[in-house]
Amino acid sequence: MGGVDVGDGGGKKRSTNSDINMIPFIDLLMVTIAFLLITAVWVTNSRMNADAQVPGPPDPNKELTPQTPEKVLNLHIGENEFGLVWKQGATVVNEVKVDKSPVEIGEAGAKIVRYPELAKRIEEEWKTHGGHRDPSDKKLDQAILHTDNRTPFKEIVAVLDALYAPKREMRLPDGNKQVPVFNMTFSVR
């Protein structure tokens, strides 16, 4: 405990010694430090790295060349079939329908749904229309998954497994690796 000596007062009065309890003060200090450290960690974790890729001022000496948009695979989950639509900007390049033929794996309590026909057809479509095949190319082809809110989660997971089934070789600093050919995003309706 910390104490404060107020002196003897110079007279016949008895000296007063007041004790200050330091434990609550130290507890408060430790809680404040912990709060500051935790919020500092939250702030750094909640950051999102974004690269706006905003063009700078136009260079009058540089010739502008219009870039064609990349092909994107749009995968539509229907009630009885899947729709595979390759689009380049707003132009439909190719459209294919694949029947839903689920294969259930596992016991009665923990059945897993898979779509092997869909996975095979996605791989064929990528080999025909995909743009990033070279091992030195670090970009992946883009796929957009279109589904209804009523679609069961296990069915969405099975479609994602089929979408990530096709692999390609990519040259990385630590050697060549097999990576999925698509970078997938969900559509919003």
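Here the structure is shown first, and the text comes after it.
Residues numbered from 1 in each chain as written. Predicted model: local features only at pLDDT ≥ 70, side-chain atom pairs only at ≥ 80, totals over all residues. Heavy atoms only, no water.

Topic: the overall build of the protein
And then number 1: When helices and strands are tallied, the protein shows three helices and eleven strands.
And then number 2: If you list the helices and strands of the protein from N to C, you get β-β-α-β-β-β-β-β-α-β-α-β-β-β.
And then number 3: Of all 189 residues assigned to the protein, the portion counted as buried reaches 23%.
And then number 4: When contacts within the protein are restricted to residue pairs at least 6 apart in sequence, those whose partners lie at least 24 apart make up 47%. (Helix = DSSP H or I, 4+ residues; strand = E, 2+ residues; numbered from the N terminus. Buried < 20%, exposed > 50% of the residue type's maximum accessible area, 1.4 Å probe, protein only. Contact = heavy atoms within 4.5 Å.)

What about helix α3 (residues 153-163)?
And then number 1: Among the residues of α3, those classed as buried are Glu-155, Ile-156, Ala-158, Val-159, Leu-160, Ala-162 and Leu-163.
And then number 2: Close packing links the buried residues of α3 with β3 (71-77), β4 (81-88), β7 (112-114), α2 (116-129), β8 (141-146) and β11 (182-186).

A closer look at the pattern of salt bridges
And then number 1: Tallied over the entire structure, the rule returns eleven salt bridges.
And then number 2: One salt bridge in this structure joins Lys-139 and Glu-70, with 2.9 Å as the shortest N-O distance. One end of the pair, Lys-139, is in the loop between α2 and β8; the other, Glu-70, is in the loop between α1 (23-45) and β3, with 69 residues separating them in the sequence.
And then number 3: In this structure, Asp-161 and Arg-114 form a salt bridge, with 2.7 Å as the shortest nitrogen-oxygen distance. (Salt bridge = Lys/Arg side-chain N within 4 Å of Asp/Glu carboxyl O.)

Notes on the nonpolar core
And then number 1: In terms of nonpolar packing, the biggest core is built from 25 residues, with Leu-75, Leu-118 and Phe-182 touching the most fellow members.
And then number 2: Of all the elements in the fold, those that place two or more residues in this core are β3, β4, β5 (91-99), α2, β8, α3 and β11.
And then number 3: Looking at this core element by element, the count peaks at six residues for α3. (Core = buried A, V, L, I, M, F, W, Y, C linked by side-chain atoms within 4.5 Å.)

Observations regarding a nonpolar patch on the surface
And then number 1: A contiguous nonpolar surface patch, about 760 Å² in accessible area, is contributed by Ile-20, Met-22, Phe-25, Ile-26, Leu-29, Met-30, Ile-33 and Leu-37.
And then number 2: It is α1 that contributes the most residues to the nonpolar patch, six residues altogether.
And then number 3: Looking at where Leu-37 falls in the secondary structure, it is placed in helix α1.
And then number 4: Leu-37 sits in the exposed class, given a relative accessible area of 56%. (Patch = residues over 30% accessible without salt bridge, like charges linked within 9 Å, V, L, I, M, F, W, Y side chains within 5 Å. Areas by Shrake-Rupley, 256 points an atom, 1.4 Å probe, with all protein chains shown as cover.)

Description of the side chain of His-129
And then number 1: With respect to the secondary-structure elements, His-129 resides in helix α2.
And then number 2: At 3.0 Å, the side chain of His-129 forms a polar contact with the side chain of Asn-94.
And then number 3: With residues near it in sequence (within four places) discarded, His-129 still touches Lys-71, Trp-86, Val-93 and Asn-94. (Polar contact = N/O pair within 3.5 Å; in protein donor to acceptor, adjacent residues only side chain to side chain.)

Considering the pairing of β3
And then number 1: In terms of residue burial, β3 counts as a mostly covered element, since five of its seven residues are buried.
And then number 2: In this structure, β3 lies alongside β4, joined through seven bridges in antiparallel fashion. Looking at the pairing, Leu-73 lines up with Trp-86 of β4.
And then number 3: Counted between consecutive antiparallel strands, the loop separating β3 from β4 contains three residues.
And then number 4: Inspection of the sheet shows β3 paired to β8 by five bridges, in the parallel sense. Within β8, the position partnered with Leu-73 by the bridge is Ala-143. (Pairing = 2+ DSSP bridges.)

A few points about the packing of aromatic side chains
And then number 1: Following the criterion strictly, the structure yields two aromatic pairs and no others.
And then number 2: Arranged with centres 4.9 Å apart and planes meeting at 80°, the rings of Phe-82 and Tyr-115 form a pair that is edge-to-face. Here Tyr-115 lies in the loop between β7 and α2 and Phe-82 lies in strand β4, a separation of 33 residues in the sequence. The exposure classification of Phe-82 matches that of Tyr-115, with both residues buried.
And then number 3: Residues Trp-86 and Phe-182 carry aromatic rings whose centres are separated by 6.1 Å and whose planes lie at 40° to one another, so their mutual orientation is tilted. Note that Trp-86 is positioned in strand β4 and Phe-182 in strand β11, a separation of 96 residues in sequence.
And then number 4: The side chain of Arg-133 reaches across the aromatic face of Trp-126, ending 5.6 Å from its centre. (Phe/Tyr/Trp six-rings, centres within 6.5 Å; stacked < 30°, edge-to-face > 60°. Lys NZ or Arg CZ within 6 Å of the ring centre and 35° of its normal.)

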